[in-house]
Amino acid sequence: MSTALPPVIHLPLREPEFSDHVISPPFVESRRWWVLLVISGMGAAVFIGLFFYSVTLGPGVWGTNIPVGWAFPIVNFVWWIGIGHAGTFISAFLILLNQHWRGSINRLAEAMTLFALVNAGLFPVLHLGRQWFFYWLVPYPAVTGVWPQFKSTLPWDVAAISTYFLVSLLFWYLGLVPDLATARDRSPGLWRRRVYGIFALGWRGTARQWRQHRSAYLVLAGLATPLVISVHSIVSLDFAIALLPGWHSTIFPPYFVVGAIYSGLAMVLVLMIPVRKWLRLEQVITDRHLDGLAKLMLVTGVMLFYSYAIEQFIAWYSASPIESYQYLVARTRGPYAPFFWAMAAGNLLTPNLFWSSRLRRNQPVLFVASLVVLASMWGERFIIVVASLNRGALPSSWAIYIPTWVDWGILLGSFGLFLFLFLLFLRFVPTVALSEVRALAHEVEEGRRRAMAGGVAARPDGQADSLGRIA
Amino acid sequence: MSDVNGVRASADDRGDRGVGDVGDVGNDGDGGRWASALAHRGGTDFWRGLDELLDTPEFRARLAREFPDRATIPAEAWSRRSFLKLLGASVALAGAGACINVPDERLLPYVDQPPEATPGTVRYYATSMTVGGLATGLLAESHVGRPTKLEGNPLHPASLGAAGVYEQASLLQLYDPDRLRGVRHGGRRASWQQFASEFITPAARRQDGGAGLLLVVGPTSSPLEMALLARLRQRFPAVHVHFHDPLAPVGALEGARRAFGAPLLPRHDLDGADVLVLVESDLLGSSPFHLRHARQAAGRRRMLDPADSMSRIHAAESAPSVSGTLADERLRARAGEMPRLLAALLAAVGGAPAGRAAVPEDGRERGWVDAAARDLLAARGRSLVAVGERQPWHAHVLAHAINARLGNVGRTVAYAPSVIAEAGGRSHDPAALAELLRGGAVDTLLVAGANPAYSAPGELELGRLMAAVPNAACMSMYVDETARLCGWVVPHAHYLEAWGDARAYDGTVSLVQPLIQPLWEGRTLAELLAMLLDEQPDGRTLIREHWRGAGLPGDDAWERALQRGIVDSTETATSAPALAAGVEEAAVAAAMATPARASGMEVVFRQDASVRAGEFANNAWLQELPDPLTKLTWGNAAQLSPATAARLGVEAGDVLRLSLAGRELEMPAIVLPGHADESVSVHFGYGREGEERVARGVGVDVYGLWPAGAPPFAAGLAVERVAGKHVPLATTQEHWSMEQRPAALAATLEEYRANPDFARPQRGRQLSLYEPYAYDQGDQWAMVVDLSACIGCSACVVACQAENNVPVVGAEQVRRSREMHWIRVDRYFGGDPEDPSVTLQPMLCQHCENAPCEYVCPVNATVHSPDGLNEMTYNRCVGTRFCSNNCPYKVRRFNWFDYNAELGETERLARNPDVTVRERGVMEKCTFCVQRIRRAQQAAQVEGRKLAPGEVVTACQQTCPTQAITFGSLTNPTDDLLQRMAARRRYAALHELGTRPRVNYLARIDNPAPTPPVADARGVDARGVDAPSADTATGTTPAGGGGQA
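Residues numbered from 1 in each chain as written. Chains lettered and ligands numbered in written order. Predicted model: local features only at pLDDT ≥ 70, side-chain atom pairs only at ≥ 80, totals over all residues. Heavy atoms only, no water.

Caption draft 1: Broad picture of the overall build of chain B. Helix and strand counts for chain B come out as 32 helices and 39 strands. Among the 1045 residues that make up chain B, the fraction classed as buried is 59%. Put simply, 74% of the contacts in chain B that link residues at least 6 apart link residues at least 24 apart. Accessible surface for chain B amounts to roughly 40200 Å². Of this, 53% is attributable to carbon and sulfur atoms. (Helix = DSSP H or I, 4+ residues; strand = E, 2+ residues; numbered from the N terminus. Buried < 20%, exposed > 50% of the residue type's maximum accessible area, 1.4 Å probe, protein only. Contact = heavy atoms within 4.5 Å. Areas by Shrake-Rupley, 256 points an atom, 1.4 Å probe, with all protein chains shown as cover.)

Laid out in structure tokens, this is it:
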């Protein structure tokens, strides 16, 4: 690429001012934070209220029917869990690939993963007919002697999601420990120090601790990486093992993983752009990060395009009238055709903006494009779930699905819950991985110094990778 | 635990203070002992509790016990605070406990157990139900004195073992919570004694010979009621008796009166009919004897072997009917054009030649007439022309003439007097009733078992006239439109609560015996008449005494008749009268007098497939039963052909304003392929305004539009769309086309003979990597459904609903596509949308051996039994609905809400105790009536024998009038099942998915008339299927190319 990349961090990084800024950002005291918190809190209340409303009255309060037995709750589940993927992808995948620029944004992305998973984990429970028996999907030694049915993908779903949540939580927390220690040391007020002190687990920053921390972090990254692939593969098998035209497809696992990362990256951008501005983190979250995320979106978007094309091609190539009807007629001309075309356009055209390096660094463009991608990816899941069920194998049973106000309320409420948790995160947890950023700054400086001393040309991207790893 | 802890905590409280300031607690007596106990200890001595510190003997004793916590609270440990704590907790818990509504139930054993009643076993009693005055024999299933299911009586000529939707659903009517509960006078509760003394006695003591007394009853064929009416007339020579029946066969009776001089009705024998011509006649669906006709007609179309003979059915009708779906050659024409078609048909078979001009020389009508005539002439004496009972008189005369000319009379059709009392007489004419009421001579009105205020032509204003009668009483099951007008309202007994009798269409007397005491003090018409006659008002005595003198003198004969449900040899004799001279020509002239294309649109008033004339409107099972063709539930809509709808610019659900002769009404439209153009069909029975909660406000009352004295169709209808008004219709099937998928296969007879194995690619083993599970041990249950026989009558749907406790969900839930029927009848249209072919397919759980639902269930709630049943374990289901999503047939049903929560006390009694009532959030579906299988297996096991073939009969199979459904064990099959499994047209729906269903279908075979030779090739294939070539060697003459022409 001919264009010079922006630096990954703007030097010099002044300490302890920077740490203080991250630990107690002025933003969280602002009116804006409070307004957002109240609004999202109301959304979370709506979510919880409608959750219990649905549990009390039954799934009949939604628009689901026969044949469309799954709709908004499952669409929301797949969408949220897809969002979650980007966090793990950025923190685990990229650390293994030595993409050091991730250090500035992995904390944000991982937090996003956790909160997306909170949402994603609630929907499969909510969508049941008898929610109070959700634990029957868990293989526990019941006195009845009945186990879950392991041929079904749903028990694997439970296992995958719960594993993913635990590993994500541990990974996030492990990365947080040194920063919590910084917060403990730098926070104003005794109580905050005490609380941070408890969570910092006695971190002293000794070389031995660092050594163990780094290796544990890498091991967890190694564990989390296959999860990025496996979780959404298993989610995709919820559909792919079915006979239903529109679900019965072997491309689903990679297709779902790519789509998940794609939508997750969009969510990272949607969160990062305002957070960077409001928390004044431009020094460490630079245009370089925007550029990198946009490039990743472009790559995953192109892979998604391939998946869409193969789906349609195989439908035609299969010569199965039921299969080809689903893809070539029902989706393109059926009752949900406007949504199909809108989501296809949104998903396939939008990332093409990012062939241009200028647009990759244009915040309004990135922000709007990411919103379009998020909406389109929700639409993609809606088309996969609802449009397939709506036009099954037997035409006599075809029936339209129309969501009810409860469906919409739960969807909007889940945004509220997500944002609510995220705002609390901004207030109480260091939003940037301080230790990693410090190391990054150090390495960039070292690299420059060595370049000047030894005459080696400094890499313009500021990426000093004479060392195999950071810190 | 908690109480002891509570006491301890309280002791510790005091202890704390004691330890902190010993001197303070000296006044409670123990302080001194603690002080002394502490005094003996050093600073390093630890004590865990004050008891240990004091080291009392009680403490030592408690320490020695194994479970000190289980100790009862020592009385002296009660303190004020602990007492109050416990009191508060108890009150709170008692309040919480009261939140659980524990129903007050009593389980009492019999004191003296009747020898025939063993709790848990089922008994069957023969009884019969009348619809339109005609009886259908039934067997009622009784669970410890509680009727729970009705099935046809195989001995009864109108049933032959089958039952229709009304018979099946009448069970729910018995338990209907909206039924009138006790006598009412002026809206207040009263008693039968009051009614007898205040209404009946004055009426019975009349001195005017009954001149001011008017009795309005439903049509009746009951010998007992007729005898009582005769006695009433004897006693009150001037009494007015009127029979109210909006669906009376007026035209048929008038035609017979003109043709034969007597109110005779044709009795058809479809067994002998190689060619059947139905003209606006629903012989198999709604006519009297329809169950028998359907059985006979289907029997001529079994076609298990391609060489078998097959009947051919020609139908001309204005709207697709149940019978029309079976037709091979179907012509859609307006109801008013039927006489002209018959005149042309008469001319074509050699009758009065004037009729030749009745239909244009070119066009579809001529093609249909010529094809029908060819077949009729080729099958003299083995053919039949039937006309809808409510076509005008001349249509019936023409049909009689055609049948006579073809030599069918005495073979496929015979004539007998109507069994309905005074059929065709003036006492059946609603206009005469209106005239009588208008005359003002009537001062006392007694209506029983009829609802003339609702179900009469609107212009007669019977309701207004009846309201003017000073002294009115109504005996009714519900507070309906008529009952609301009457000062006295007394409950009518349901037939399952009543003694009585009635005749079948062929005159066979059926007895009605009760299964249960009247739930709400109901009485029968016979008991009411006996009250008027000052006789003993006891139904059992009345019927027994009547039959003692009428053919069943001895108790043995009586018991035998009761047990069998019929009185032997009571069938009325038939005759073969000759047509009156000149009537044929008069009928042709009358037919020709109606213009070929009357101006304006035509409206046809029809009985509804679900609620009939309105008498079943409060039956939720029937309200939710989809119409056989439109699949509409919960209401009626004006049926239009697609072309007419396009011309008017309306779509299904758009509201139309129909105006006829100054009266108008608004109702939604529904588009029905196969309907006649420029014709609108509307259905009776909806728009009720009585106090029936289910029926109230559902659909539109069309009686108001019906002109008095007219046949149930009229020309000159004006139709316009009401701009902006749209009613969402609750239909159960949205899509018409099969989209070329192998769901319901069909072929013509010619194709079948040319390629008998056309269904072969859709059955048999498929390639698989896995060895299929061997289902070879014990019984292996399977079902075969013959699509050639299915007429879509939907009796199976209601039978299943009654047998399996299938809930009703209501119109809003049906609109959301959440109906719960375990079996449904899928209806596909094919070919030209104006003249479509119709294929019907009963669809139920296919019990796939490779069931897609089973491997996706995460909790093992749906599994396969060793005998091949796809089983549903309701209490293991968590409701993921993955099984339904993965079911290609979409036969699984989900309890979106607690659909059984709002059932009234009486409705619960209708539940089959052998079948679990499902809770909210679980999936359910057809079980192959597993409760019947297990019951039969247990009985066989107890008796130490093998299960006999055919011993298990599913509810749908049992009630099917055409025997389209066969069920049994593949390892121990009946001959029927064996033959059908071996049939070459057997196939599995959506076979390519590899589900290996245990429900197989027999592809439908149609027998369209061959295209005539080129010189006469105007016939257009009305079915829109590929017309076979003209000169094939096999030739598909009716009855299988036997060359009888």
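Caption draft 2: Structural detail: the overall build of chain A. Assigned secondary structure in chain A consists of 15 helices and zero strands. For the C-alpha atoms alone, the extent of chain A along its principal axes is close to 75 × 55 × 45 Å. Sorting the 471 residues of chain A into buried and exposed places 60% on the buried side. Carbon together with sulfur atoms contributes 71% to the accessible area of chain A, which is approximately 18700 Å² in total. Chain A carries 35 positive and 22 negative side-chain charges, and their two centres are separated by 3 Å. (Lys, Arg positive; Asp, Glu negative; His and termini not counted. Charge placed at Lys NZ, Arg CZ, Asp CG, Glu CD.)

Caption draft 3: Helix α11 (residues 338–348) of chain B, seen in detail. All names here are of chain B. Burial of α11 is extensive: 10 of the 11 residues sit out of reach of the surface. Buried within α11 we find M338, P339, R340, L341, L342, A343, A344, L345, L346 and A347. Phi turns positive, to about 100°, at G350, one or two residues after α11.

Caption draft 4: Just the pairing of strand β7 (residues 240–243) of chain B, in detail. All names here are of chain B. Bridge analysis of strand β6 (residues 213–217) against β7 gives four bridges, and the strand direction is parallel. Considered in β7, the bridge of L215 is made with V241. Between the parallel elements β6 and β7, the chain passes through helix α8 (residues 223–235) in a crossover that is right-handed. (Pairing = 2+ DSSP bridges. Right-handed = clockwise from strand over helix to strand, strands pointing away.)

Caption draft 5: Up close: the sheet that holds β6(B). Residue and element names in this part refer to chain B. Spatial ordering of the open sheet is given by β5-β4-β16-β15-β14-β6-β7, a layout of seven strands whose pairing is mixed. Since the sheet does not close on itself, it has two edges, and those belong to β5 (188–189) and β7, each with one partner. The strands touched by helix α7 (residues 192–204) are β4 (184–185), β14 (444–448), β15 (471–476) and β16 (488–491); relative to β16, the strand with the most contacts, the crossing angle is about 120°. Its contacts with the sheet place helix α17 (residues 525–532) against β6, β14 and β15, and it is angled at close to 155° to β14. (Axes fitted to C-alpha atoms, helices over the stretch in contact; angles between N-to-C directions.)

Caption draft 6: Main features of the pattern of salt bridges. Residues and elements named next belong to chain B. Per the counting criterion, the structure on display carries 71 salt bridges over all chains. A salt bridge links E535 to R231, with the shortest nitrogen-to-oxygen separation between them at 2.9 Å. Here E535, found in the loop between α17 and α18 (539–548), pairs with R231, found in helix α8; they are 304 residues apart in sequence, far enough to count as distant. Residue R231 is classed as partly exposed on the basis of its relative accessible area of 32%. (Salt bridge = Lys/Arg side-chain N within 4 Å of Asp/Glu carboxyl O.)

Caption draft 7: Focus on the sheet that holds strand β36 (residues 965–969) of chain B. Residues and elements named next belong to chain B. Across the sheet, four strands lie side by side as β36-β29-β38-β37; this open sheet has mixed pairing. In this open sheet, the two edge strands, each paired with only one partner strand, are β36 and β37 (986–987). Of the pairings in the sheet, the one linking strand β29 (residues 781–786) to β36 comprises five bridges and is antiparallel in character. When the sheet's bridge partners are listed, M783 is paired in β36 with F967. Where helix α31 (residues 975–982) meets the sheet, it contacts β29, β36, β37 and β38 (999–1002), and its direction lies at approximately 105° from that of β36.

Caption draft 8: A look at the packing of helix α7 (residues 207–240) of chain A against helix α8 (residues 252–278) of chain A. All names here are of chain A. The N-to-C vectors of α7 and α8 enclose an angle of 125°; their axes lie 8 Å apart at closest approach. Of the possible angle classes, the one that applies to α7 and α8 is oblique. Along this stretch, α7 crosses α8, giving a crossing that reads as right-handed. On α8, the residues touching V228, I229, H232, S233, V235, S236, L237, F239 and A240 of α7 are F252, P253, F256, V257, A260 and I261. When the residues that make up the contact of α7 with α8 are grouped by side-chain class, the tally is 12 nonpolar, three polar and no charged. (Parallel < 35°, antiparallel > 145°, perpendicular 65-115°, else oblique. Left-handed = near helix turned anticlockwise from the far one by under 90°. Nonpolar A, V, L, I, M, F, W, Y, C, P; charged D, E, K, R; others polar.)

Caption draft 9: How the structure looks around the interface of chain A and chain B. Each side of the interface is counted separately: chain A has 56 residues, and chain B has 52 residues. Note on chain A versus chain B: buried area summed over both sides is about 4500 Å², and carbon and sulfur give 55% of it. Here chain A and chain B share one salt bridge between them. With a shortest N-O distance of 2.6 Å, A:R130 and B:E919 are connected by a salt bridge. Taken together, chain A and chain B are joined by 38 residue pairs in polar contact (both at pLDDT 80 or more). Only α2 (31–57), α5 (154–186) and α10 (321–333) of chain A provide two or more residues apiece to the side of chain A that touches chain B. Element by element, the count of residues in the side of chain A that touches chain B is highest for α2(A), at four residues. A breakdown of the residues in the side of chain A that touches chain B according to their chemical character gives 34 nonpolar, 19 polar and three charged. (Buried area = accessible area lost by both parts, 1.4 Å probe. Polar contact = N/O pair within 3.5 Å; in protein donor to acceptor, adjacent residues only side chain to side chain.)

Caption draft 10: Main features of the confidence of the model for chain B. Residue and element names in this part refer to chain B. With 88% of its residues at a pLDDT of 70 or more, chain B has an overall mean of 86. Within the model, pLDDT remains below 50 along residues 1–29, and this stretch shows 24 contacts once partners closer than five positions in the same chain are excluded. Segment residues 1014–1045: pLDDT under 50, and 70 contacts once partners within four positions in sequence are set aside and those in other chains are kept. Here the predicted complex scores 0.86 on pTM and 0.92 on ipTM. (pLDDT = per-residue confidence, 0-100.)

Caption draft 11: Examining the packing of aromatic side chains more closely. Applying the stated criterion across every chain yields a total of 64 aromatic pairs over all chains. A ring pair is formed by B:Y703 and B:W706, whose centres lie 6.1 Å apart and whose planes are at 40°; its orientation type is tilted. Judged by its relative accessible area of 1%, B:Y703 is buried. The class for B:W706 is buried, based on a relative accessible area of 7%. What links up through ring pairs into an aromatic cluster is the set A:W70, A:F239, A:W247, A:F252, A:Y255, A:F256, A:Y308 and B:F882. (Phe/Tyr/Trp six-rings, centres within 6.5 Å; stacked < 30°, edge-to-face > 60°.)

Caption draft 12: Quick peek at unusual backbone geometry. Omega for the peptide link from A:I66 to A:P67 comes to 20°, which places this bond in the cis form. By the element assignment, A:P67 lies in the loop between α2 and α3 (72–96). The phi torsion at B:V144 lies on the positive side, around 45°, for a residue other than glycine. Position of B:V144 among the secondary structure elements: in the loop between β2 (134–143) and β3 (146–152).

Caption draft 13: Seen up close, the nonpolar core. Judged by nonpolar contacts, the single largest core of 259 residues is most densely connected at A:W247, A:L426 and B:F928. When residues of this core are assigned to their parent elements, the largest contribution, 17 residues, is made by α8(A). With near-sequence residues (within four places) excluded, B:F928 lies in contact with B:W781, B:A782, B:M783, B:L844, B:H847, B:L869, B:I933, B:T954, B:F967, B:R998 and B:V999. B:F260, B:A379, B:V387 and B:Y415 belong to the second largest nonpolar core, which has 60 residues in total. (Core = buried A, V, L, I, M, F, W, Y, C linked by side-chain atoms within 4.5 Å.)

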